[in-house]
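# Chains, contacts and geometry: an overview
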Amino acid sequence: MQMIFILKDGTEKTVDFEEGQTILQVAEQNGIPLHSNCEGFGICGGCHVIIENLGDKLPEISDTENDGLDKAKNVTLKSRLACQVVLSMNLNGLRVKLV
Ligand code: FES
């Protein structure tokens, strides 16, 4: 399965992912620059991304993720924390924009 990261300069990078990985893990595996100051515990808000499509197929936002998002900047209705979104098979083609 594949997903697309949209970097800050607008460049798109298509990468492979496996079910059960988080967006952050996929980013780190592929050299995508995402901040993870809390190492994926959903606390720092640094891994904030914008989900461009398939938002209705994402797992629901947990209380932990909600609290972490409070610390992120420029949050929108499509904002998520990359470390808290676990990828599933029906997210093939997911587009994730770095903030
Ligand atoms: S890595 Fe800190 S909130 Fe995701």
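Of note, V86 is situated in the loop between β4 (79–81) and β5 (94–98). In sequence terms V86 and I4 are 82 residues apart; their C-alpha atoms lie 15 Å from each other. Ignoring sequence-local partners within four residues, the contact set of V86 consists of G20, T22 and P59.

Let's shift gears to unusual backbone geometry. Not every positive phi belongs to a glycine, and E39 is a case in point at roughly 60 degrees. Relative to the elements of secondary structure, E39 occurs in the loop between α1 (23–29) and β3 (48–51). For E39, a count of 10 C-beta atoms within 10 Å puts it in the exposed group. The phi angle at N74 is positive, at roughly 55 degrees, despite the residue not being glycine. Within the secondary structure, N74 is located in the loop between α2 (63–69) and β4.

Criteria and cut-off values
Residues numbered from 1 in each chain as written. Predicted model: local features only at pLDDT ≥ 70, side-chain atom pairs only at ≥ 80, totals over all residues. Helix = DSSP H or I, 4+ residues; strand = E, 2+ residues; numbered from the N terminus. Contact = placed C-beta atoms within 7 Å. Buried ≥ 20, exposed ≤ 12 C-beta atoms within 10 Å, placed from the backbone.

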